[in-house]
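# Breakdown of the fold
Each chain is listed here by its residues.
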Amino acid sequence: MIETPSLVDQYCHGVLRTELGLGTFEAQLVRTEGPPAPGTTLFDTQTGFAVRRWCPPLLGLEPHCPPARYLARRRELGVLESARRLLRGSGITTYLVDTGLPGDLTGPDEMALTGDAEAREIVRLELLAEQVADTSGTVESFLANLAESVHGAAAGTVAFSSVACLRHGLALAPEPPGPGEVRGAAGRWLAGRRVGGELTDPVLLRHLLWIAVASGLPLQLHAGLGGPGSRVDRTDPVPLTDFVRATAGLGTDLILLHGYPHHRHAAHLAGVFPHVYADSGAALVRTGARAATVLAEILELAPFGKILFSSGAHALPELHVVGAHLFRESLARVLGTWVADGAWCLEDAQRVAHMVAAGNARRVYGLQ
Amino acid sequence: MIETPSLVDQYCHGVLRTELGLGTFEAQLVRTEGPPAPGTTLFDTQTGFAVRRWCPPLLGLEPHCPPARYLARRRELGVLESARRLLRGSGITTYLVDTGLPGDLTGPDEMALTGDAEAREIVRLELLAEQVADTSGTVESFLANLAESVHGAAAGTVAFSSVACLRHGLALAPEPPGPGEVRGAAGRWLAGRRVGGELTDPVLLRHLLWIAVASGLPLQLHAGLGGPGSRVDRTDPVPLTDFVRATAGLGTDLILLHGYPHHRHAAHLAGVFPHVYADSGAALVRTGARAATVLAEILELAPFGKILFSSGAHALPELHVVGAHLFRESLARVLGTWVADGAWCLEDAQRVAHMVAAGNARRVYGLQ
Amino acid sequence: MIETPSLVDQYCHGVLRTELGLGTFEAQLVRTEGPPAPGTTLFDTQTGFAVRRWCPPLLGLEPHCPPARYLARRRELGVLESARRLLRGSGITTYLVDTGLPGDLTGPDEMALTGDAEAREIVRLELLAEQVADTSGTVESFLANLAESVHGAAAGTVAFSSVACLRHGLALAPEPPGPGEVRGAAGRWLAGRRVGGELTDPVLLRHLLWIAVASGLPLQLHAGLGGPGSRVDRTDPVPLTDFVRATAGLGTDLILLHGYPHHRHAAHLAGVFPHVYADSGAALVRTGARAATVLAEILELAPFGKILFSSGAHALPELHVVGAHLFRESLARVLGTWVADGAWCLEDAQRVAHMVAAGNARRVYGLQ
């Protein structure tokens, strides 16, 4: 039996502090553009079934119990006690928490406390830039504050995350934009912007990526499922190749988040470029009973030292649980089968399991 | 054992009324651009092997018997009796029949009679437009007749189908073309056209799609394998995303036909957009012994209420048989394994099987 | 048990004649853009694990022994004796050797001698053109010599290979360039070129492809993994469709090499176009413990008469061994499972195994 006692969730968000009804819970299960189709429910998805499999036992119910029964029990225990039982039941020992999503979500400290685990912060670049824009009066001060903010944030955080690829498309021009181009774009954006306005300008998105690259901190790029308003048509990381090539050898690692359904492409890039890493996370939560196969597909081309676990969970601690359980069970099953077939030896399998579950993340993010 | 007593084939064509020799039968097995390569035969494909597995027993022969022996028996019984035995042996209880392909094919009524089943018509938009063009004298009358024909057809049919994406590419401009643009395109097309000429003008193809969307009837879009003259390079539904987004919330459902080899992308779109459905059909007929895996891949991202069965069969009742048997066996195997693993409970598996086999199609197409 | 006594490796390179240390051996295992990331090793890949599984026993060691131990034994035996034992242990009976890569590599004759097998040469078009350019004084003589060289080479070789798609991208204009266009491109290239300079001009690359097509010899196109400086973003063969369509019916076969991770697309093209063949090779070497699944995916759409085995091996005889063992084991497992399930009969499975292992290659390349 292949075991993974430590588990570093290298990309997740906090959990909601508010009580949820059946409908509000369902809406957090899967990211969609609109409510479920008439006659259908988002509980009837791999994620919904996986939640019903793994979570009820942690709250004292039988697996696969109906959603209404599960949510009644969740309300009975209260949102805090439920989160406590769920997160502690996940087996995750370290959470890297992207704090860049809106909503009444727990931060890293509260995740650590609730989950009896370590937690560190991931800073989302676009939100940082929007906050800087909210408080900067001129183009010059905005650009100066932006650089300062990114470098300041780099001191207290383990990684940056970016949704530039979802907002702009992955085929972004690979080179850093010139200073004049940046000033022009900043002027236009600030002039047309109201407080809280989203950064979608391609020049500024690229400028921001390059400031982050210069910081040397690992840079997580959304390229695949997940993320709010995710673009189905902007998830294949292959068009990122030119940007990847442009950033090679600079000492900054790129982590391709949520590769599915293009996880084989993400794994390919992780195999070809020394500074690229493949995330095996959200893909498993979304594919449930198929998670072992999806994980095996990532294990085809990606070197075993370049694969990272994450839950990609957001809002519901159930998603952290499902991410962790599916990962551990899938990894044990896939590697165990290879050992049973004689393709791998047990010692290698155990070593690779530790790497993917925790060791790789510890090395990339400088955790101890 | 997971069972599916009802089976709605949500996309197929009629069967040929003429006797077939070895060569003419082989040519209908798989869609190719040209005859088989020297030294090869299309019987040596997954489809050919699946036909030899499932069909001989329905005509009183042993499974896997040689093609020549099978075709001799088929001729001995006669084309009508063979079709009768095959269709009745398929287990399909309702056929939705696209009548838009040329050839001496049975229509819905004859399919119902031969197969002892229900049958309803699907109207192919481009053929309808070509027929209207054949009988309209002026641009004005063509456009008026076209709108009237589509709306008239909507009354007696369960769905429209379109090959716009195969003819023009899937990245079609998402918005409806303006009236002037449509008139101009119609004028040019009618002026250069002879009776029977194919509609390939992108503006008119888009115009036609939007008339169909306005009808409220489910709209089936070819995006993947199958369809005559299918374009290998126009099968990924991801470039359709902008059109999908433009049609969201209008009350018209889109069904992505024949997703393979991009079935995971089609499933992704079905997961993100409430009005999008994924077809699990032709993919299985084409992949034979691999059908269970392909079906499992569709079951990754598509909500279970958004997946529809079809055979995609055309010309040969053998393809209806193979589509139905592969689907039922694959579904039972995939869901049965998940139940055996404890990932799903049996009750859920049985419920999902009924949904995918028939329930979803009944709801989407308003069948009882 | 499904057996494949003959094995034609339809695409490989020679092996290095020089002794290798741990680092130089590791660098040949997988093609990357740069050294392994700090803290990782390319031995921790599917290829590395497969080498450790299959090769040590051929040199008298236990499977899965550590890399250092394996390399010590390899040096102890000497590079020639190691190559002898490895190649003879691979079970490959015919090698088709692409001689177009630099380095101190064995040619076809030495491969035959060392491996106790047949061997034939594959000529790489771009290298041929570069050699012609090195010795031609004028545009006119270059173009005349080029045509003559290709036609001369066609007499003594079994196939041409081309990396045009990796150098220029796969969406190359499908038609042959005109004479004036070719002369202009040749003039510009020769004027700016130093001896040994690489051919990357898109017009000349297309010109070269069309000369090769005219020779009637099978043409192998790199489209996928492998090849030096492989471009991750230039591996999907779908954009090749227009070129494929333009070359249909001319009597020249196209072989799509190294389809993974786009092997399903390559298989699709092999299914649609009579003159297109799908290579199942390098994909298996790169995916190791997953090779059976990848092979099964190729067996979905590609007619069984259109699939060819290769190792894609380069420099290390270990890669020939791994390619052959993974292929034979995967094929036996995949087809054996289908026979056990009743999906195929044993006779068909055995026949298909012989076709894919050797028969198809013998027919396509005119070997006896």
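The shown structure was predicted, so the numbers you read here are calculated from the model rather than taken from an experiment.

### Comments concerning the overall build of chain A
For chain A, the helix and strand inventory stands at 16 helices and eight strands. Taking 2.2 N^0.38 as the reference for a compact globule, 368 residues should give roughly 21 Å; the C-alpha atoms of chain A span a radius of gyration of 20 Å, in line with that estimate. With 368 residues in all, chain A has 64% of them scored as buried. When contacts within chain A are restricted to residue pairs at least 6 apart in sequence, long-range pairs at least 24 apart make up 77% of them. Summed over all atoms, the accessible surface of chain A reaches about 11,900 Å², with 55% contributed by carbon and sulfur. Each charge class in chain A was averaged separately, 31 positive and 37 negative side chains, and the resulting centres sit 2 Å apart.

### Looking at the interface of chain A and chain C
Across the contact, 34 residues belong to chain A and 32 residues belong to chain C. A per-residue breakdown of the area chain A buries against chain C is headed by R264(A), H268(A) and E300(A), which together make up 19% of the total. Linking chain A with chain C are six salt bridges, by the criterion used here. A salt bridge links E33(C) to R245(A), with the nearest nitrogen and oxygen atoms 3.0 Å apart. Here chain A is connected to chain C by 14 residue pairs in polar contact (both at pLDDT 80 or more). Looking at the side of chain A that touches chain C, the elements that each hand over two or more residues are α11 (241-246), α12 (263-272), α14 (291-301), α15 (317-341) and α16 (346-365) of chain A. Its residues placed into classes, the side of chain A that touches chain C shows 17 nonpolar, seven polar and ten charged.

### A few points about the side chain of T94(A)
Residue and element names in this part refer to chain A. Structurally, T94 can be placed in strand β2 (residues 94-98). Residue classification places T94 among the buried positions, given a relative accessible area of 9%. What T94 contacts, discounting residues up to four positions off in sequence, is L7, V8, D9, A117, E118 and L367.

### Thoughts on the nonpolar core
Formed by 354 residues in total, the largest nonpolar core has its most connected members in F160(A), L335(A), F160(B), L335(B), F160(C) and L335(C). If we ignore the near neighbours within four places in the chain, the residues touching L335(C) are I2(C), L299(C), W344(C), A349(C), V352(C) and A353(C).

### A closer look at the interface of chain A and chain B
At the interface, 32 residues of chain A touch 34 residues of chain B. Across the chain A/chain B interface, buried area totals approximately 3,000 Å², and carbon plus sulfur atoms make up 55% of it. In this assembly, chain A and chain B are joined by six salt bridges. Joining chain A to chain B, the criterion identifies 14 residue pairs in polar contact (both at pLDDT 80 or more). Here the side of chain A that touches chain B takes four residues from helix α2 (residues 46-54) of chain A, the largest share from any one element. Split into classes, the residues belonging to the side of chain A that touches chain B amount to eleven nonpolar, ten polar and eleven charged.

### Some remarks on the packing of helix α3 (residues 67-77) of chain B against helix α4 (residues 79-90) of chain B
Any two packed helices are characterised by the angle at which their axes cross and by the distance between the axes. All names here are of chain B. Relative to each other, α3 and α4 sit at 110 degrees, their axes nearing to 5 Å. As far as their axial angle goes, α4 and α3 are roughly perpendicular. In this structure, α3 contributes Y70, R73, R74 and L77 to the contact, and α4 contributes V79, E81, S82, R85 and L86. Here the residues of the contact of α3 with α4 are counted per class, giving four nonpolar, one polar and four charged.

### Quick notes on the sheet that holds strand β6 (residues 254-257) of chain C
Residues and elements named next belong to chain C. A sheet is described by the order of its strands in space; here eight strands give the open sequence β1-β2-β3-β4-β5-β6-β7-β8, paired in parallel fashion. In this open sheet, the two edge strands, each paired with only one partner strand, are β1 (8-12) and β8 (307-308). Each of β3 (118-124), β4 (159-162) and β5 (219-222) is contacted by helix α6 (residues 125-135), which is oriented at about 60 degrees to β3, the strand it contacts most.

### Comments concerning the packing of aromatic side chains
Summed over all chains, the structure comprises 27 aromatic pairs over all chains. Aromatic ring contacts, followed pair by pair, group F49(A), F304(B), W338(B) and W344(B) into a single cluster. Stacked on the ring of Y277(A), the Lys or Arg K306(A) has its end atom at 5.0 Å from the ring centre. R52(C) extends its terminal NZ or CZ atom over the ring of F49(C), reaching a point 5.4 Å from the ring centre.

### Points about the sheet that holds strand β7 (residues 276-279) of chain A
Residue and element names in this part refer to chain A. Across the sheet, eight strands lie side by side as β1-β2-β3-β4-β5-β6-β7-β8; this open sheet has parallel pairing. Each edge of the sheet is formed by a strand with only one pairing partner; in this case those strands are β1 (8-12) and β8 (307-308). Two elements, β2 and strand β3 (residues 118-124), share five bridges in a ladder whose sense is parallel. Bridge assignment links T94 to a residue of β3, and that residue is E118. Sitting on the sheet, helix α10 (residues 202-215) is in contact with β4 (159-162) and β5 (219-222), with an inclination near 150 degrees to β5.

### Some details on unusual backbone geometry
Backbone geometry places H64(A), a non-glycine residue, at a positive phi of 70 degrees. In this structure, H64(A) sits in the loop between α2 and α3 (67-77). Overall, H64(A) belongs to the buried group, its relative accessible area being 15%. Phi is positive for D116(C), close to 50 degrees, though the residue is something other than glycine. Along the polypeptide, D116(C) turns up in the loop between α5 (108-115) and β3.

### Description of the relation of the copies chain A and chain C
Superposing chain A onto chain C requires a rotation of 120 degrees together with a translation of 0.0 Å along the rotation axis, leaving an RMSD of 0.0 Å. Taken together, these values place the two copies in the relation of a three-fold axis. When C-alpha positions in chain A are compared against the rotation axis, the closest is assigned to T293(A), at 5.8 Å.

### Regarding the packing of helix α4 (residues 79-90) of chain C against α5(C)
All names here are of chain C. For the pair α4 and α5, the least separation of the axes is 8 Å and the interaxial angle reads 80 degrees. Considering the angle they form, α4 stands roughly perpendicular to α5. For the pair α4 and α5, the contacting residues are A83, R84, L87 and R88 in the first and M111, L113, T114 and G115 in the second. Tallied by class, residues from the contact of α4 with α5 come to four nonpolar, two polar and two charged.

### Structural notes on the pattern of salt bridges
Per the stated rule, a full pass over the model turns up 66 salt bridges over all chains. The residue E81(B) makes a salt bridge to R85(B) at a minimum N-O spacing of 2.9 Å. On the criterion of helical spacing, the pair formed by E81(B) and R85(B) is a turn pair, its members being four residues apart in helix α4. Owing to a relative accessible area of 26%, E81(B) belongs among the partly exposed residues under this scheme. Ionic pairing is found between D242(C) and R245(C), a salt bridge with its closest N-O pair at 3.7 Å. Remark: R245(C) and D242(C) occur in helix α11 (residues 241-246); sequence separation between them is three residues, near one turn of the helix. Taking relative accessible area as the criterion, D242(C) reaches 36% and is therefore assigned partly exposed. R245(C) gets classed as partly exposed once you look at its relative accessible area, which sits at 25%. The network of salt bridges with common partners includes D44(A), R52(A), D348(B) and R351(B).

### Examining the domain arrangement of chain A
Residue and element names in this part refer to chain A. Domain annotation of chain A identifies domain 1 (7-16 + 90-365) and domain 2 (20-77). A separation of 26 Å is found between the C-alpha centroids of domain 1 and domain 2. Here domain 1 meets domain 2 over a buried area of about 1,600 Å², counting both sides, of which 63% is carbon and sulfur. Where domain 1 touches domain 2, the interface holds two salt bridges.

### Regarding the environment of A302(B)
Checked against the element boundaries, A302(B) lands in the loop between α14 (291-301) and β8 (307-308). Here the alpha-carbon distance between A302(B) and A214(B), two residues 88 residues apart in the chain, equals 25 Å.

### Structural notes on the relation of the copies chain A and chain B
Turning chain A through 120 degrees and shifting it by 0.0 Å along the axis lays it on chain B, with an RMSD of 0.0 Å. Both copies present different contact surfaces, since only 3% of the interface residues of chain A are interface residues in chain B too.

### Re the state of the cysteines
All names here are of chain A. All chains considered together, the criterion is met by zero disulfides over all chains. C65 supplies the cysteine sulfur nearest to C55, a cysteine that is in no disulfide, at a spacing of 10.0 Å. Judged by relative accessible area, which is 0%, C55 ranks as buried.

Scoring rules and cut-offs
- Residues numbered from 1 in each chain as written.
- Chains lettered and ligands numbered in written order.
- Predicted model: local features only at pLDDT ≥ 70, side-chain atom pairs only at ≥ 80, totals over all residues.
- Heavy atoms only, no water.
- Helix = DSSP H or I, 4+ residues; strand = E, 2+ residues; numbered from the N terminus.
- Rg over C-alpha atoms; globule rule 2.2 N^0.38 Å.
- Buried < 20%, exposed > 50% of the residue type's maximum accessible area, 1.4 Å probe, protein only.
- Contact = heavy atoms within 4.5 Å.
- Areas by Shrake-Rupley, 256 points an atom, 1.4 Å probe, with all protein chains shown as cover.
- Lys, Arg positive; Asp, Glu negative; His and termini not counted.
- Charge placed at Lys NZ, Arg CZ, Asp CG, Glu CD.
- Buried area = accessible area lost by both parts, 1.4 Å probe.
- Salt bridge = Lys/Arg side-chain N within 4 Å of Asp/Glu carboxyl O.
- Polar contact = N/O pair within 3.5 Å; in protein donor to acceptor, adjacent residues only side chain to side chain.
- Nonpolar A, V, L, I, M, F, W, Y, C, P; charged D, E, K, R; others polar.
- Core = buried A, V, L, I, M, F, W, Y, C linked by side-chain atoms within 4.5 Å.
- Axes fitted to C-alpha atoms, helices over the stretch in contact; angles between N-to-C directions.
- Parallel < 35°, antiparallel > 145°, perpendicular 65-115°, else oblique.
- Pairing = 2+ DSSP bridges.
- Phe/Tyr/Trp six-rings, centres within 6.5 Å; stacked < 30°, edge-to-face > 60°.
- Lys NZ or Arg CZ within 6 Å of the ring centre and 35° of its normal.
- Least-squares fit on C-alpha atoms with pLDDT ≥ 70 in both.
- Domains from an automatic or database assignment.
- Disulfide = S-S within 2.5 Å.

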